[in-house]
Amino acid sequence: MDYSNMRTASAEPLASAMIETFRAIGYSLETAVADIIDNSISAGAKNIWVDRIWDGGRSVITIKDDGRGMNDEEIRHALRPGYQNPNDERDIRDLGRFGLGLKTASFSQCRKVSVLSKRKDNSPEYWSWDLDYVAETNKWNLIHWIPDGYENAIDDLKSGTIVIWTDLDRVVSPDTITGDEFSHEKFSGDLDKVKRHLEMTFHRFIEDGDFRLWWCGNPVKPWDPFCTSETCTQPLPDDHIQGGITVKGYVLPHQKSFSTEQAFKAAEGIQGWSAQQGFYVYRGKRLLLAGNWLKLFKKEEPYKLVRIRIDIPNTQDKNWKIDIKKSQAYPPAKCREQLFSYAQRVRVTGLEVYKHRGRVIRERSGTDWQPLWLERRKDNQWFFEINRDNELVKSLKEMARNNPDKAFNLLLKLIEESIPVSSIYAKESSSEEPMKEPFGGIERDNLVPIAKAIYQNYVTGGMSANSAKELLLSQEPFNMYEDIIDAL
Ligand SMILES: Nc1ncnc2c1ncn2[C@@H]1O[C@H](COP(=O)(O)OP(=O)(O)OP(=O)(O)O)[C@@H](O)[C@H]1O
Ligand SMILES: [Mg+2]
């Protein structure tokens, strides 16, 4: 195109409106803090401190690091939206991409973000964005301001940066008083979630000792989704797929095989056992997506022990459509197929371990194993049946002669306690064949004498004929055989 003779018109974004739009990118407090920490990691920090101060509507969150820091000009560039081109090639260890995170993550939570930073042997410098000032002036101007008491916040460092969020209107309502216990508790709860998110998101850096992450002065412990320190975790052989991507599957131990109850509880993760299954996508060592089947499978109870690590280099950002918040990724079509077949293999092992529960008991009880429940198939349908030859069932039958009430209650208890729930789950999700409908196998003719016996029992007990029929019709399977009941 030849632009030289074209008429043009300015269509600059309006600062006051545009900056408010930045707020709506959809960060949570967790993903916003993680995005700021990404910058500290990219700046080579050895220590990163996250702190929060509760003061009602004037509460503060800070993220400080001892990375390489910035000089005055660099701070202004860092705070300028879109200063860097997302298409620029980045160092392999750089966690940034869009040149936006510091701004968008901060604005999503607060109305004032201040950056105080210094390069080695330089003095600290600072600049702030204040959304109220931008709204008032409608200009893309920073202010040379820092919240009271933070001027010396990085004096203890040779080089480093502190990002200070004040006016946290998206976290605490601005008019909240310090003594508001309810809001205080909510604030603490929200920040606890952030802490757990960081334990997960940065666990590989912390495990490798790349840096130390401090939460209100205490070291953050890593949360390893793959429980690699558990002896019963099964790591599966890794595989390489298109684009320099590595996948490695893990099948976590069954509850009983965890070293301690505590370790089992911890492995559950933020969202709970079933929800944490799936792929864990890492860009560098940084976790982007946790417990997500990338639309290749549904989350299902029998696969809750399956977690698969995917490592993608930052050169794949475009192909994997990494989003600004670094919390989404979409594998390209070619990778999807490879991921699908790899995951299938891991899932088979996962299902085995999940079902193993019953087998462990069988092995322990020696040679004369007598299952209480038998798995059966009829007319291409499967179902479970109580084993009439089981010794326990036989002895309850014996007991029923002298003490029918006790035997009856014990039998019900036995059934309640032993229903093979996990096997049913597993069968239901892995089997192509359908499960037999309840009472689907009962022959109509066999029902008549049963209905008659119960009906007579009701009537001799003093019930009217109509009430007895009503009662029968309100119970399975008789509710489906109105004509039989009517004919009684
Ligand atoms: N803690 C820090 N220490 C040193 N430099 C920083 C720090 N935080 C930000 N910067 C500088 O500011 C720039 C802009 O940061 P910002 O998070 O907005 O974008 P980015 O990290 O480049 O990309 P992304 O949008 O993917 O996060 C960074 O590229 C870096 O040069
Ligand atoms: Mg960034």
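The model shown is predicted, which means the values in this text are computed figures rather than measured ones. (Residues numbered from 1 in each chain as written. Chains lettered and ligands numbered in written order. Predicted model: local features only at pLDDT ≥ 70, side-chain atom pairs only at ≥ 80, totals over all residues. Heavy atoms only, no water.)

This part is about the overall build of the protein chain. What the protein chain contains, in helices and strands, is 15 helices and 15 strands. Computed over its C-alpha atoms, the radius of gyration of the protein chain comes to 32 Å, more than 25% above the 23 Å expected for a compact globule of 488 residues. Principal axes of the C-alpha set define a box for the protein chain whose edges measure 95 × 55 × 55 Å. Classification of the 488 residues of the protein chain by burial places 44% in the buried group. Of the accessible surface of the protein chain, which amounts to about 27,000 Å², a share of 50% is contributed by carbon and sulfur atoms. (Helix = DSSP H or I, 4+ residues; strand = E, 2+ residues; numbered from the N terminus. Rg over C-alpha atoms; globule rule 2.2 N^0.38 Å. Buried < 20%, exposed > 50% of the residue type's maximum accessible area, 1.4 Å probe, protein only. Areas by Shrake-Rupley, 256 points an atom, 1.4 Å probe, with all protein chains shown as cover.)

As a further point, take a nonpolar patch on the surface. A cluster of nonpolar residues, Met1, Tyr3 and Met6, forms a patch on the protein surface that exposes about 420 Å² of accessible area. Mapped onto the secondary structure, Met6 falls in the segment before helix H1 (15-22). When its relative accessible area of 41% is taken as the criterion, Met6 is described as partly exposed. (Patch = residues over 30% accessible without salt bridge, like charges linked within 9 Å, V, L, I, M, F, W, Y side chains within 5 Å. Salt bridge = Lys/Arg side-chain N within 4 Å of Asp/Glu carboxyl O.)

A full pass over the atoms with the stated rule returns 25 salt bridges. Glu20 serves as the salt-bridge partner of Arg111, at 3.2 Å between the closest nitrogen and oxygen. Residue Arg111 is located in the loop between helix H4 (101-107) and strand S3 (112-118), and its partner Glu20 is located in helix H1; the two are separated by 91 residues in the primary sequence. Relative accessible area serves as the criterion here: at 31%, Glu20 is assigned to the partly exposed category. For Lys285, the salt bridge is made with Asp210, and the minimal N-O distance between the two is 2.6 Å. Highlighted residues: Lys285 in the loop between strand S11 (278-283) and strand S12 (286-292) and Asp210 in the loop between helix H7 (203-207) and strand S6 (212-215), separated in sequence by 75 residues. Owing to a relative accessible area of 25%, Asp210 belongs among the partly exposed residues under this scheme. Beyond isolated ion pairs, a larger network of salt bridges with shared partners links Glu20, Arg23, Arg111, Lys112, Asp130, Asp132, Asp167 and Asp169.

This part is about the pairing of strand S4 (residues 125-130). Pairing of S3 with S4 involves 6 bridges; the strand directions are antiparallel. In the sheet register, Ser114 faces S4, and the bridge partner there is Ser128. In sequence, S3 turns back onto S4 through a hairpin of 6 residues, with Asp121 there showing a positive phi of about 65 degrees. (Pairing = 2+ DSSP bridges.)

For the coordinates displayed, the defined rule picks out 16 aromatic pairs. The interplanar angle of 50 degrees and the centroid separation of 6.2 Å between the aromatic rings of Phe202 and Phe205 together place this pair among those described as tilted. The burial state of Phe202 is the same as that of Phe205; both residues are buried. Seen from their ring centres, Phe297 and Phe340 are 4.9 Å apart, and the 10 degrees between their planes marks the pair as stacked. With Phe297 in the loop between S12 and strand S13 (306-312) and Phe340 in helix H9 (residues 333-364), this residue pair connects regions lying 43 residues apart in the sequence. For Phe297, a relative accessible area of 14% translates into the label buried. You can call Phe340 partly exposed: its relative accessible area is 32%. Taken together, the ring pairs in this structure connect Phe22, Phe107, Trp129 and Trp140 into an aromatic cluster. Lying over the aromatic face of Tyr282, Arg204 brings its terminal NZ or CZ to 4.4 Å of the ring centre. Its end group placed over the ring of Phe297, Arg347 keeps NZ or CZ at 3.9 Å from the ring centre. (Phe/Tyr/Trp six-rings, centres within 6.5 Å; stacked < 30°, edge-to-face > 60°. Lys NZ or Arg CZ within 6 Å of the ring centre and 35° of its normal.)

Turning our eyes to something else, we now look at the site of ligand 1. The local shell around ligand 1 holds 18 residues, among which Arg97, Leu100, Gly101, Lys103 and Lys326 are the closest. Between ligand 1 and the protein, one listed contact pairs an oxygen atom with a side-chain N or O atom of Lys103 at 2.7 Å. Thr161 places a side-chain nitrogen or oxygen 3.5 Å from a nitrogen atom of ligand 1. Taken together, the elements giving at least two residues each to the shell around ligand 1 come down to helix H2 (29-42) and H4. Residues that form the shell around ligand 1 fall into these classes: 6 nonpolar, 6 polar and 6 charged. (Near = heavy atom within 4 Å. Polar contact = N/O pair within 3.5 Å; in protein donor to acceptor, adjacent residues only side chain to side chain. Nonpolar A, V, L, I, M, F, W, Y, C, P; charged D, E, K, R; others polar.)

As a further point, take the domain arrangement of the protein chain. In terms of domain boundaries, the protein chain breaks down into domain 1 (15-219), domain 2 (234-362), domain 3 (373-430) and domain 4 (444-486). Residue-level contacts link 28 residues of domain 1 with 21 residues of domain 2. A per-residue breakdown of the area domain 1 buries against domain 2 is headed by Phe98, Met200 and Arg204, which together make up 28% of the total. Counting every contact that joins domain 1 to domain 2 gives 4 salt bridges. Between Arg204 and Asp311 there is a salt bridge, and its shortest N-O distance comes to 2.8 Å. (Domains from an automatic or database assignment. Contact = heavy atoms within 4.5 Å. Buried area = accessible area lost by both parts, 1.4 Å probe.)

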